[in-house]
Amino acid sequence: MSAAPVAYRSVTIDGVQIAYREAGDASRPAILLLHGVPSSSRMYDALMRRLGDRYHLIAPDYPGFGHSDAPSPAQFTYTFDHLAEVVGKFADAVKLDRYVLFMQDYGAPVGMRLAAARPGAIQGMVFQNGNVYEEGLGPLWAGRQAFWTDRAAHEQEVRTGHLALATTRARHVGTDPDVEAYDPDLWTDEHAYLNRPGQAEIQSELIFDYRINLARYPEWQRWLRAHQPPTLVVWGKYDTAFTVPGAQAFKRDLPQARVEILDGGHFVMDTRLDDVARLTDEYMQANRHAFDSRAVHNDGAPSNHR
């Protein structure tokens, strides 16, 4: 099977140019892929090529990430509320009205805000090390708690750590014993992006705002219980940021969710792309009829299907 082509496009949202990748026919079931930190839509490129012959896949870069504009915090408010607002307007601009959310890391708090704001658009959810449970918070969050309590005292420490090459590498490899499976370009390229002018300030704003996500975990768990979206949870077990109990916790609110723990890291597609592509395809095929029915019943009114 040949790889599906990926197009590299951009659209302007509220004066900010948003870069995005797109693969597949727009008449097919849609997947909106939301990336983590310090990555971009680039993390989904290979997956989009694997699945683009069967689905319509769109992956934007958030403001401040990848090839999107990166206005300074003086010009753009870097909060997860604002990122979700931009992504919602982006979905409207590219004419996505119903889609499955695929969320990794930062993609989870962005995606859950989007789901809460427009439940009728959400046909299903895939969480790839995208955490919404306190059980999933790894040891590194203890340092973030200190930053959230006293920003001035800990900001330089957090910035230095977040932008370091060793930190960027560790985010990918985690505790995986098979270190030779990881392409070093994964973190050296991200490190270069992280150290562009202005990135320290942008990343610091979002790390500080992340405390709001933890406070909203109970709200998002209630949303999952109430809406019961068809859900796939794919988790790299060597992740030191979001641990396996965070994956298992989804079953508490979504008893029908499929939870798959893989021998991989935080960005599990680094080494387990075949598995993630297969699991995502199986999930989409298993729920194709549910997606059609949810278009009518999820928010009480039919959606304008493209």
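Above this note sits the structure.
Residues numbered from 1 in each chain as written. Predicted model: local features only at pLDDT ≥ 70, side-chain atom pairs only at ≥ 80, totals over all residues. Heavy atoms only, no water.

Visitor: Help me out: how do you make sense of the pairing of strand β4 (residues 56-60) in this one?
Guide: Buried residues dominate β4, accounting for 5 of its 5 residues. A two-sided burial pattern is seen for β4, the buried positions comprising H56, I58 and P60 on one face and L57 and A59 on the other. When strand β2 (residues 16-23) meets β4, the two strands line up antiparallel, connected through 4 bridges. Residue pairing for β4: A23 is matched across the bridge by L57. Bridge analysis of strand β3 (residues 30-34) against β4 gives 3 bridges, and the strand direction is parallel. Within β4, the position partnered with A30 by the bridge is H56. (Buried < 20%, exposed > 50% of the residue type's maximum accessible area, 1.4 Å probe, protein only. Helix = DSSP H or I, 4+ residues; strand = E, 2+ residues; numbered from the N terminus. Pairing = 2+ DSSP bridges.)

Visitor: Even after reading the chapter, I still don't get the sheet that holds β3, so can you show me in this structure?
Guide: Two strands in a sheet stick together by hydrogen bonds in their backbones, pointing the same way (parallel) or opposite ways (antiparallel). Reading across the sheet, the 8 strands line up as β1-β2-β4-β3-β5-β6-β7-β8 and stay open at both edges, with mixed pairing between neighbours. Taken across any chain shown, the strands that pair with only one partner, and hence form the sheet edges, are β1 (7-13) and β8 (258-262). Within this sheet the neighbouring strands show an average axis-to-axis angle of 20°, counted without direction. Summarising the sheet, β1 and β2 pair through 7 bridges and their orientation is antiparallel. Its bridge partner being in β2, R9 is matched across the sheet by Y20. (Axes fitted to C-alpha atoms, helices over the stretch in contact; angles between N-to-C directions.)

Visitor: Could you clarify how one ought to interpret helix α6 (residues 165-173) in this entry?
Guide: An α-helical turn contains 3.6 residues, so any two residues separated by three or four positions project in the same direction. Listed as buried for α6 are T168, R171, H172 and V173. For α6, the elements touching its buried residues are α5 (151-163), α7 (185-194) and α11 (269-286). Just past α6, the residue G174 takes up positive phi, approximately 55°. (Contact = heavy atoms within 4.5 Å.)

Visitor: Would you mind going over the environment of L47 with me for this structure?
Guide: Relative to the helices and strands, L47 is located in helix α1 (residues 45-51). For L47, a relative accessible area of 1% corresponds to the buried category. For the pair L47 and E155, spaced 108 residues apart in sequence, the C-alpha to C-alpha distance is 35 Å. Those residues in contact with L47 that sit more than four places away from it in its chain are L33, F102, M269, L273, V276 and A277.

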